[in-house]
Every structure is written in structure tokens, then in C-alpha cells.
Amino acid sequence: MAQIMPGAHATLPLSTLLRQYHLGLVLIAGGTAPSGSGAPDDPEPHLSATPARIGSGGSPVPVAEDPLNAPVQWVHGSDLADPSPFLTPRTVLLTTGAQFRGEDAPPTRALDAALLEAVADPSTEVVDAYVARLVSAGVCALGFGVGIVYERIPESLIAACDAHALPLFRVPYLTPFIAIVQSVARLIERETHARDAWSVQAQRGIALAALHSDGLGAAVRELSSRLGRWVAIYDGIGRITQISPATARSTASADWVRAEVSALIERGNRASRVLSGAHDGAQLQTLGSGGHLRGVFAVGGQEPLDAAAQAAIGTVVALATVTLDHSGKLATANSALRSGVLTLLEGGHVDLATAVAGEAWGRLPRTPLRVLALGAGPHRPAALTAQVRSLSEALGSSVFSGNIDGQLFLLAEQRLRRPIIDALTAGGFSSGSSLPTDYSHLSQGFEQARRALDAAEYAGGGQQIEFDLSHQAGLLELIEGQDAAVRRAASLLGPLVLQDERADEHLIDTLETWLRHHGQFSPAAEELGLHRHTLRTRIQRIAGLLQRDLNLVDTRAELWAALRVHAATAPPEHGALP
């Protein structure tokens, strides 16, 4: 019985056809004779031990696969000089060679064999072009009926088939072409039934495997075993969650596979893709519905899969979709619970947060702690999530992660800060780290981490910045002690300070109060104990002394900064702010 191999359509190997002994077929050229095909002492065997095809330069090019294993999908008979327009791939073509005969050849089988012997062999050029057209059309073998036009297969045809690695077999006179067609139809029908039976058995085996504790993993292993190919499942961020056999992990993790998996996930729609080329090949399809993809299913190999194999795959795909969808919902719930615990910790509800975390995951990290705010940029949140998950799996209860208002945080024991920072740096992520803290001061740790992350992202991607006290100061506080700022403030406010020293008009106090009230005259005048028209006159005088337009936002901001610097450096009797 022929070996059952998955294919796009029901087919059988050419060698199976040649082993139908009742047909009397004998392989003559283009391949290695299968055992039992024809008599060993046949006078005409002309077998090529090393199949080859003619390359563009005219030299033979070895064929990697045995032509006798080529799949046969149908058999067709034609004596046309060029039947290629009417042929489909994987077809065995049968001919009597009438297209090669000369005008003096007998039209039908002659009673005198001498007349058949007299028919001249066709020219090498004609036959070679004929065989080349068959190969281009995807013909997998050529059967030549002898005793009709030619008593023997022309030597030129044997040579052409050998050169193009096209299997050529002799059909005896007593074997009608229709008998070959019927045999192929019967064999394909038998193989179709066998494939259907294989599919039922495979699906039953997968269903039984799914009952194991590791249901999805067992189903993947069962499918891989029955297909004879590697099978893998990738989650929503492209990580391999299931692989069989284990030795295929390097292939399933290859860049050419991961790139296509990532592309399918990022597209977000249900899709499939067939990969072929220099690598081993694979067939991919998404898991989940459009907009809610849960991962990607992959099966290795370049050969197409038939309906029976696809049905078995469909069973595993359905199981994987349900499993990943369930896992995704659990992950969403887990993420929400983690966010709640972090919110409780930031709000100072340490006892409640500890109790909730203890029931769900065990203990929280031990003090002293570091709070890390993590950043991945706008295009890599999934990669950052995968990195944090990897760290959590490796470090266990010594770290705790979650989101607060869309910001990903990681609580880690102080001793682990350096390896975590190294891992984030290697991944190209940014982080802001708090000073060492404990649970009673954790709200300050969160704020410190946020400020440090702001500084890290401002500095550029992949920066790891630890909070220091300078981050706690505001911008104006940072410039108050700068010599250049002090000199600029003295120069800018000098006319007002000089006028206050001369006439005690309190222009510095007037300007500060007016700016603090956002340039509103009524509340500023009330605080200063002045009529608003009097205040308006003073502000106009200040603008004249400073030669500045006080209606401009930039001017007001600059003057406010100058007043802050002046207040920090000038003695009170010179109009410094209280």
C-alpha cells in the first residue's frame, strides 16, 4: 500500500503507479527503478542513477528529490505536439508518439513489424523541446505506448527524459491507456478514504490528549506526532508557549519565523501566511478574532497540507483559541488586581494590600524597596510587558509589578536593583528608580520614580536614572542659586530697586503682588490697600522703568523668576519678598 502523505489534493506517489504489476509498466529513464517494476532482464531499461535537469546554461543540474516520489494527481493521454496548454501539474501524460512520426509512418498498428521498425526516430531538437515543455507544465512522468507507431521508445526521447529528469515508462501494447487512468482513479480514491480515516483517528487522538492536565500541550504533541512536523503556538506578544518536538525550538525561534509572527500579531486581523524559500518553511495562522488576537499557530514544512491534515489542525487551533482566550481573561483580571494592590500601597493602605497580595501571589517584596517606573516608548509596550513578565518569573516574590493610571511600575528589593537595571538596559527600555524606601513611605517612592522616569525619557531611550534630591526641586528653585541668574535678576529689577531706595514707592512689592494675582488689578489692589486706578498707574510706571510690555506672558514669567531670585538673595530692607 502506498505511503500516505499530506498534500494539497489527493495524490499518490509515481512509484505506486509503476508497481501496479498487472499494467506491465517499465521505467525506462528519468529516475531509479522501484523494486519490482519490470523484469530485470528487460532489453530496454535505460535508467539514470543520478536525476538531473538541464540548467539555463545547458549543463545538467542535479535534482534534490527523487522524481519517482513525485505526487500523481491525474493521468491524461495526448499525441499533440504541444499538449502543455491543456495539462495541469502533477499529471502523468500518456502518448503513442504519433506526434513524432514522419509522413511515411503507418497510421495504425501494422501487421508487419518491419514497417514499425522503419519509422525514423524523431530529431533530438524536436524531442528535447517537447520534453522541456512537459516539465514546464508540471508533468510528473511520461508514459510511452509501444507497438502503435514505434516498436521501441526512440533513443532521442530516452536521452531527453534523462536530461530533464522526467520519468519515462514503457506501456505495453496490450495495456490500454484507459486501464492506467482507471487504476490511478482507484488508487486515489483508496488514498482519499485512507486520509479520511487518518483524519478521524487524528482528531480522536487530539481530543483524548486534550483531556490531560496539560491539555493544550498534549494536543500539540499529538498533532506534531501525527503530521510528522514541528508545531508551535505563540502568545499575543510572540513568545513560544507550546512547541513539539522540543528539538524544534531553535527552528520555531528563528528570526524568519518570529518576524512573520510579529507581523501577523501587529496587524491585528485574522490572517494566515505560508512561508517558503531557502529556510525550512512554515504555515502560520492567527488565533482569536479580529481585534482580539490571542496568538499565532504554526506548523513547519513547505509541502502543502491536505483537507485531512487541515481538519486535524483545525481541532488544535480551536482548542488553542479557547485556551488562550481563557488565559487572556485571567491575565486581564490578574493585571487589574495587581493595579489595585499598587494603588492601595501608594495610598498608604499597606495592611489591606499585603493581605490581598498574600492570598493571590504570596508575600510582597521585602524592605528596603526600590520603586521603578518603566518606559518602553510608544511602539514597544508589549515588549516591555514581556520583559517584566520574564523578570517576575525569574525573581519570584522579590518583585511585584502592575499599572497605575497606565504607568507600569515594578517594586523590587533593594539588592535586585542592579540586575534589573542591567536587564532593562539590554532590552533598550527606560526606567526611573526611587531612593531606597519602605512601605510607610511608598507614596514618596512612586512620586520619585515618576520624576526620575521623566528625566530618563527626556534624556533619550534606554536611559536608567535614579532619583536624587535635585529632581524634587522645582525649576525656579534650581535657578535661584545660579550666579548668572542672580546677576540677570539684579540687572532686570535694578530700576525698581533703585526707585524704592530713593522714594520708598514699594514698586517691587507692587509688582510681586500684581503678578501673583495673574495681572488682575482688583484683588491685587485690595491686598495692597490701594485703589485699583492707583495700582494701574503704578504698573504703568513699572513698565516704563523696566522698558517692558507687561501684557506679554514671557515678560511676566521672566519677571516672576527674577523676583524669586531677588527674594532669595536681597536683604529685606531692599524690598525682598517675605
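In what follows, the structure referred to is the one given above.
Quantities reported herein were computed from a predicted structural model and do not represent experimental measurements.

**Q** Help me understand the packing of aromatic side chains, please; the structure alone is not making it clear to me.
**A** The geometry of an aromatic ring pair is captured by the separation of the ring centres together with the interplanar angle, meaning the angle of the planes. Inspection of the entire model under this criterion finds five aromatic pairs. Between Trp-361 and Phe-400, the ring centres sit 5.3 Å apart and the planes meet at 70°, which makes this aromatic pair edge-to-face. With Trp-361 in the loop between helix H10 (350-360) and strand E15 (369-375) and Phe-400 in strand E16 (residues 399-404), this pair connects stretches of sequence that are 39 residues apart. Residue Trp-361 is classed as partly exposed on the basis of its relative accessible area of 24%. When the ring of Phe-409 is compared with that of Phe-446, the centres are 5.0 Å apart and the planes differ by 80°; the resulting orientation is edge-to-face.

**Q** Just checking my understanding: could you explain helix H8 (residues 255-267) for this structure?
**A** A turn of α-helix holds 3.6 residues, and therefore any two residues three or four places apart point the same way. The end-to-end C-alpha distance of H8 is 18 Å, a good match for the 18 Å that 13 residues give at a rise of 1.5 Å each. Residues of H8 that are buried sit in contact with strand E10 (231-235), helix H7 (249-252), strand E12 (272-275), strand E13 (282-289) and strand E14 (292-300). At the C-terminal side of H8, Gly-268 shows a positive phi close to 80°.

**Q** Mind showing me how you'd approach the nonpolar core here?
**A** Judged by nonpolar contacts, the single largest core of 24 residues is most densely connected at Leu-493, Leu-496, Leu-511, Trp-514, Ile-542 and Leu-559. For this core, the leading source of residues is helix H15 (residues 483-503), giving six residues.

**Q** Help me understand the environment of Trp-256, please; the structure alone is not making it clear to me.
**A** Mapped onto the elements of the fold, Trp-256 is located in helix H8. A relative accessible area of 22% means that Trp-256 is categorised as partly exposed. When the C-alpha positions of Trp-256 and Ala-282 are compared, they lie 9.9 Å apart, and in sequence the two are 26 residues distant. When near neighbours in sequence (up to four residues on either side) are disregarded, Trp-256 contacts Thr-251, Leu-275, His-279, Asp-280, Gly-281 and Ala-282.

**Q** I tried to follow the packing of helix H16 (residues 507-516) against helix H19 (residues 553-569) on my own but got confused; where do I start?
**A** Geometrically, a packed helix pair is captured by the angle between its two axes and the distance between the axes. Taken N-terminus to C-terminus, the directions of H16 and H19 make an angle of 125°; their axes are 11 Å apart at the nearest point. Considered as vectors, H16 and H19 are oriented oblique to each other. The chirality of how H16 crosses H19 is left-handed. From H16, Ile-508, Leu-511, Glu-512, Trp-514, Leu-515 and Arg-516 reach across to H19, where they touch Arg-556, Leu-559, Trp-560, Leu-563 and His-566.

**Q** What is the right way to read the pattern of salt bridges from this model?
**A** Between side chains of opposite charge, a pair can form when the charged atoms approach closely. All told, the structure shown has 19 salt bridges when counted by the stated rule. With a closest N to O distance of 2.6 Å, Asp-306 and Arg-195 form a salt bridge. One end of the pair, Asp-306, is in the loop between E14 and helix H9 (307-346); the other, Arg-195, is in helix H5 (residues 177-209), with 111 residues separating them in the sequence. Exposure remark for Asp-306: the relative accessible area of 8% places this residue in the buried category. Overall, Arg-195 belongs to the buried group, its relative accessible area being 7%. Taken together, the salt bridges that share partners define one network made up of Glu-346, Glu-447, Arg-450 and Arg-451.

Conventions we followed
In this numbering scheme, every chain counts its residues from 1 along its sequence in written order. Predicted model: local features are reported for residues with pLDDT of at least 70 only, side-chain atom pairs are reported and counted for 80 or more only, and whole-chain, interface and lining totals are derived from all residues. Remark: hydrogens and water are excluded; side-chain values derive from all non-hydrogen atoms of the structure. Only Phe, Tyr and Trp rings are paired, with Trp represented by its six-membered ring, and only when their centres lie within 6.5 Å; those with planes under 30 degrees apart are stacked, over 60 edge-to-face, the remainder tilted. Runs of E in the DSSP output that reach at least two residues are strands. Runs of H or I that reach at least four are helices, and both are numbered from the N terminus. Relative accessibility decides the category of a residue: with a 1.4 Å probe and only protein chains considered, values under 20% of the type maximum give buried, values over 50% give exposed, and everything between is partly exposed. Under the convention used throughout, the expected extent of a helix is 1.5 Å for every residue step, that is, one less than its residue count. The contact rule is simple, with two residues in contact once any of their heavy atoms fall within 4.5 Å. For the purposes of this section, nonpolar cores are sets of buried Ala, Val, Leu, Ile, Met, Phe, Trp, Tyr and Cys residues that join through side-chain atoms within 4.5 Å. Comment: axis = line fitted to C-alpha atoms, over the contacting stretch for helices; angle = value between 0 and 180 degrees taken between N-to-C directions. Orientation categories follow fixed angle ranges, with anything under 35 degrees roughly parallel, anything over 145 roughly antiparallel, 65 to 115 roughly perpendicular, and all other angles oblique. Take the far helix as your reference; a near helix turned counterclockwise from it by less than a right angle gives a left-handed crossing, and one turned clockwise gives a right-handed crossing. We define a salt bridge as a contact between a side-chain nitrogen of Lys or Arg and a carboxyl oxygen of Asp or Glu at a distance within 4 Å.

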